[in-house]
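Tertiary structure, described
Here are the chains, one letter per residue:
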Amino acid sequence: MRDVVKAYVGLTKPRIIELLLITTVPVMFLAAGGVPGLEVVVATLIGGILASGSANTINCVLDRDIDEQMRRTRRRPLPRHAVSPRSATVFGVVLGVLATLELGFFVNWLSSGLALAANLFYVFGYTMVLKRRTVQNIVWGGIAGCFPTLIGWTAVTGKLAWTPVVLFLVVFFWTPPHTWSLAMRYREDYASVDVPMLPVVATPVATARQIMAYSVVMVITSIALWPVADTGYVYPLASIVLGFVFLREARRLLLRAHTGADGAALRPMRLFHFSNIYLALLFIAAAVDPLLH
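Residues numbered from 1 in each chain as written. Predicted model: local features only at pLDDT ≥ 70, side-chain atom pairs only at ≥ 80, totals over all residues. Heavy atoms only, no water.

1. Remarks on the packing of aromatic side chains
Inspection of every chain in the model, using the stated rule, returns eleven aromatic pairs. Here F105 and W109 contribute two aromatic rings whose centre-to-centre distance is 5.2 Å and whose plane-to-plane angle is 75°, an arrangement assigned as edge-to-face. Residue classification places W109 among the partly exposed positions, given a relative accessible area of 48%. When the ring of F172 is compared with that of F173, the centres are 5.2 Å apart and the planes differ by 75°; the resulting orientation is edge-to-face. Residue F172 shares its accessibility class with F173, and that shared class is buried. By way of ring pairs, the aromatic residues W140, F172, F173, W180 and Y214 are connected into one cluster. Across from the ring centre of Y186, 5.9 Å away, lies the NZ or CZ of R72, which sits over that ring. (Phe/Tyr/Trp six-rings, centres within 6.5 Å; stacked < 30°, edge-to-face > 60°. Buried < 20%, exposed > 50% of the residue type's maximum accessible area, 1.4 Å probe, protein only. Lys NZ or Arg CZ within 6 Å of the ring centre and 35° of its normal.)

This is the structure we're talking about:
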């Protein structure tokens, strides 16, 4: 029973869920101008976990053929045959229905609709259409991962505004450097299954240049939240410091690429791991700022 539960939990990709939630709850603090109500936070978290788990599970079902071949993913539940594709599909659909209803009845239907739209785009737009067909797969497919900023805001206010849109764009521009740095490390994996990630079809230098370009735009966008949301000084200070470190890591990756380094020698995982830290601390700063402002 423990193995079965572990397998179903694994289908939901808990690490990705953690990353999505860190872009949801802080936005709720920003929307409330302080501490949001506990009930709406809990209800939004439950709905977000269910929605993310649903999308990730269906993604595992659709990608099970390539997951079996890739070194990074071959230990997932479906490649190991710990769960059948049919059972996983039913599980994913049930999670999606529960997420839609839970968010609709306990938060609001705008947040519920946004979560459903993100799920549908991730499954049909990214997994089924973009991922295996275009080098721009993660750029546009990453839109689904930006929706938690909108969901967190609308859960508190019941309407959209420019502040969550700016944070949406921060995550949008953050996604390519985050994903491409990981893909540089596992380039052979993606190449072996014909997934045209940028590091597969472009040189390390070209990839690093794209990472640098997106990183610059991401940092500029993150600082733009200061005047748009009229924050205090905690957030802009954090965005500048964190942005500086991010750009330094991106530049170092580019310099290593110019030396002819490839694969693990590029040390792209340095940027990948820091990108997680960057996003978490940036959004925490956004949550803390209204408490002090």
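2. Focus: empty space enclosed by the protein
In total, this model carries one cavity of 30 Å³ or more according to the counting rule given. When its volume is computed, the largest cavity comes out at roughly 50 Å³. In terms of lining, the largest cavity is formed by M184, R187, P199, A202, T203, P204, T207, D262 and L266. Of the residues contributing to the lining of the largest cavity, the split by class is five nonpolar, two polar and two charged. (1 Å grid on protein atoms, 1.4 Å probe; cavity = no way out; pocket = protein on both sides within 12 Å on 5 of 7 lines; lining within 4 Å. Points joined across faces, edges and corners; volume = space filled by probe spheres on them. Nonpolar A, V, L, I, M, F, W, Y, C, P; charged D, E, K, R; others polar.)

3. Here's the deal with the pattern of salt bridges
As enumerated under the stated definition, the model contains six salt bridges in all. Here D65 makes a salt bridge to R132, at a shortest N to O gap of 2.9 Å. Of the two residues, D65 sits in helix α5 (residues 64-67) while R132 sits in the loop between α7 (109-130) and α8 (137-141), which places them 67 residues apart along the sequence. (Salt bridge = Lys/Arg side-chain N within 4 Å of Asp/Glu carboxyl O. Helix = DSSP H or I, 4+ residues; strand = E, 2+ residues; numbered from the N terminus.)

4. Digging into the domain arrangement of the protein chain
Here the protein chain is partitioned into domain 1 (1-157) and domain 2 (161-292). Here the C-alpha centre of domain 2 lies 21 Å away from the C-alpha centre of domain 1. Buried surface at the junction of domain 1 and domain 2, both sides included, amounts to about 3,000 Å², of which 78% is carbon and sulfur. On the domain 1 side of the interface with domain 2, the three residues burying the most area are L30, R72 and I138, jointly 19% of the side's total. Put simply, domain 1 and domain 2 have zero salt bridges between them. (Domains from an automatic or database assignment. Buried area = accessible area lost by both parts, 1.4 Å probe.)

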